[in-house]
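# Structural overview for review
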Amino acid sequence: MPSVNPFSILQTQRTYLQKHLQLKGTHLLDYLLEKNVITPRQLEDIEDIPQTSKKISKLLTLLMKRPPHEFEHFMTGLEGEQDHVKDHLQGCLDKVSSEENCNIDVEMEEDPESMDEFTENDCGDDTDDESVESDSEEDIGQPLKLIKEFKMDPEEQDVTLHVKVMKVGQVEEKSNKRQFMATVADATSAVDICVREETLFDKFKLEGCIILRNVTWTGRILFTKPSSTATFAMEFRVPKEVTANAFGTGDPVTISKVCSLPDMSWFKLRGKIVKQSPLTKRKCFGKVLSYCQVKLKDDTGSVYVDVWGDIAEQMQLGKVVEVGSCKKRQTSSPDDPCVTTTTKSSVKFLTSTLLKQIQKDRRYQRGTLVGTDVTLYMSCPNPRCFRYQLTDGQCESCLRQIPDRDQLNYGVASIDILTQKGNIHSLTVYWTQLLKFFRLFKKTQPGRDKEKIVKTFNDLWNKTVKFQACGIVSKFKL
Ligand SMILES: [Zn+2]
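Let me sum up the structure you'll find in this document. (Residues numbered from 1 in each chain as written. Predicted model: local features only at pLDDT ≥ 70, side-chain atom pairs only at ≥ 80, totals over all residues. Heavy atoms only, no water.)

### Remarks on the layout of surface pockets
Formally: A cavity here means a set of 1 Å grid points, computed over protein atoms only, where a 1.4 Å probe fits but cannot escape. A pocket is an open set with protein on both sides within 12 Å along at least 5 of 7 lines, and lining residues have an atom within 4 Å of a point. Grid points are joined across faces, edges and corners, and a volume is the space filled by probe spheres set on the points. Put simply, DSSP marks the helices as runs of H or I at least four residues long and the strands as runs of E at least two long, and each gets a number from the N terminus on. Put simply, Ala, Val, Leu, Ile, Met, Phe, Trp, Tyr, Cys and Pro go in the nonpolar bin, Asp, Glu, Lys and Arg in the charged bin, and everything else, Gly too, in the polar bin. Reported domain spans reflect what an automatic or database domain assignment gives.
Within this model, the largest pocket holds a volume of roughly 1600 Å³. Considering the residues around the largest pocket, the lining is formed by 48 residues, among which Arg220, Cys284, Phe285, Thr342 and Thr343 are closest to the centre. Ranked by residues supplied to the lining of the largest pocket, first place goes to strand E15 (residues 339-350) with six residues. Looking at the lining of the largest pocket residue by residue, the classes come out as 17 nonpolar, 14 polar and 17 charged. Residues from two domains meet in the lining of the largest pocket; each of domain 2 (144-239) and domain 3 (247-350) gives at least three.

What follows is the structure in structure tokens.
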């Protein structure tokens, strides 16, 4: 059992109780006396006080010294006559237990969805109360936020939190500043935080609870800034499934559900790789990473996923995989998949007997050519490297340094295809497919010259073509 005394709620709800708690004409005090929560002497003392607000203050002060199990008597004393007060306190208790001490109800909750509902409703209640109390002199300072309340918000904002430190990374030096990454959680969710203020370093102890103030949420992670503070705070427990849900490491979601998840949610995917683009390199947050796109399918549907880094290199067409820590996102281009892997993602290969009824997707799609753009780049002479560019003469694929005289010029086209449904679909076409495309239409090879390539396309507007693609075109036919 959590060790927090439920009577402590009377302190945070003092203003509310001053307004709503009734002593006169109710049986509350008599009931508390009957249950030995207050003594006859204390009752007399309370009754001797002329002002109601001071009577209530006195009672609350007395109650807060009582042992936790007697809180039940206080709640029963409210029953029937002051149910609204009782319900309010219960709501606050539930919320506080999720903030300050893991609530046993939440912990035992098996269905994460109803847990979400529960927390959201609860937060709603609380906001109302805050607005009621906002002009009270006792209610100053910043609102304590739950991670769930801002996590899905892509906008930068400052937050104050009561969290538990779940993970602390190594201190590293970045632009002459020491920093480390940590993971913090409350009862609603978890996030990563980049700790850049040395004054805060000693506050981040594994399993320690802290109040963090003035930390900035960027939509991806929290950042500390010079005005951020951290104080050691009341301990609480974080149920395992909270971090699992927060970072998508729990149970996989069925693919048909992915579309209805809100942007920025994390989840685990399970499916068969029915389509896969060739491996390339792409820039992601300033880093050049291995990249491919896959189409994952299960019995309920299919989804395209941008796969980055080591995991991209492990993808294999036809395999059944479980990819953890995937994230739903808003894409800059409607052709980009709305699901991406993250730096936390991991892949697990499952037995091929799973989803064995699902076939690789070799269907051709069809559309007409309506737009194009071409980019030329220098590449390595190794034929396997033609999709990779050179960075300062180094091949992104085989990492060899390529002397100028050996460098080859390639073109990659981005083509817009108008589908029969009237959608425009943007696809990437690398050099070998580009040449095949021109050959299909009996065009002479334009050479590695951007203007000539674009000019060759000019004769092909509105031509219908069939293609197999997963972001990148792997085959064309007429
Ligand atoms: Zn190479």
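### Here we look at the pattern of salt bridges
Test applied: Salt bridge, as applied in this entry: a Lys or Arg side-chain nitrogen positioned within 4 Å of an Asp or Glu carboxyl oxygen. Partly exposed describes any residue whose relative accessible area lies between the buried limit of under 20% and the exposed limit of over 50%, with all areas from a 1.4 Å probe on protein chains only and scaled to the type maximum.
By the definition in use, this model includes 16 salt bridges. Here Glu198 and Arg178 are joined by a salt bridge, their closest N and O atoms 3.1 Å apart. Pair noted here: Glu198 is in the loop between strand E5 (190-195) and strand E6 (209-217) and Arg178 is in strand E4 (residues 177-185), with a separation of 20 residues, a long-range link. A relative accessible area of 36% places Arg178 in the partly exposed class. In this structure, the salt-bridge partner of Lys344 is Asp192, at a minimum N-O distance of 3.2 Å. Of this pair, Lys344 sits in strand E15 while Asp192 sits in strand E5; the two residues are 152 residues apart in sequence, bridging distant segments of the chain. A residue is classified by how much of its surface remains accessible, and Lys344, at 26% relative accessible area, is partly exposed. Through salt bridges with shared partners, a single ionic network connects Lys268, Arg270, Glu322 and Lys348.

### Remarks on the coordination of the zinc ion
For the record, the criterion: Counted as donors are N, O and S atoms no farther than 2.8 Å from the metal, or 3.2 Å for Na, K and Ca; water is not among the atoms, and sites may therefore look incomplete. Angular criteria define each label, namely tetrahedral for four donors with all angles between 85 and 135 degrees, square planar for four and octahedral for six donors with opposite donors over 155 degrees apart and remaining angles between 65 and 115, and irregular for whatever fails these tests.
Around the zinc ion, the protein contributes the donor atoms Cys380 (SG), Cys385 (SG), Cys395 (SG) and Cys398 (SG), at 2.3 to 2.4 Å from the metal centre. Note that the zinc ion binds four donor atoms; their angles at the metal cover 104 to 117°, and the shape is tetrahedral. Within one chain, the residues donating to the zinc ion are spaced in sequence as C-x4-C-x9-C-x2-C. Taken together, the positions of Cys385 in the loop between strand E16 (365-379) and strand E17 (390-391) and Cys395 in strand E18 (residues 394-395) put the pair 10 residues apart, joining distant regions of the chain. Across the pair, exposure class does not vary: Cys385 and Cys395 are buried alike.

### So, the side chain of Thr216
Selection criterion: We call two N or O atoms a polar contact when they sit within 3.5 Å, provided that within protein one can donate a hydrogen and the other can accept it, with sequence-adjacent residues counted only if both atoms are side-chain atoms. Contacts: residue pairs with any heavy atoms within 4.5 Å of one another.
Mapped onto the fold, Thr216 is located in strand E6. Separated by 3.0 Å, the side chains of Thr216 and Asp158 make a polar contact. Once residues lying within four places of it in the same chain are set aside, the contact partners of Thr216 are Glu156, Gln157, Asp158, Ile221, Leu222, Phe223 and Lys225.

### Points about the packing of aromatic side chains
Threshold: We call Phe, Tyr and Trp rings a pair once their centres come within 6.5 Å, taking the six-membered ring for Trp, and we label the pair stacked below 30 degrees between planes, edge-to-face above 60, and tilted otherwise. Look at NZ for Lys and CZ for Arg. If either is within 6 Å of the ring centre and within 35 degrees of the ring normal, a charge sits over the ring.
Inspection of every chain in the model, using the stated rule, returns 15 aromatic pairs. Of the aromatic side chains, those joined through ring pairs into one cluster are Phe437, Phe438, Phe441, Phe457 and Phe476. Geometry around Tyr291 places Arg282 over its ring, the cationic atom sitting 4.1 Å from the centre. Above the plane of the ring of Tyr364 lies Lys477, whose end atom (NZ or CZ) is 4.3 Å from the centre.

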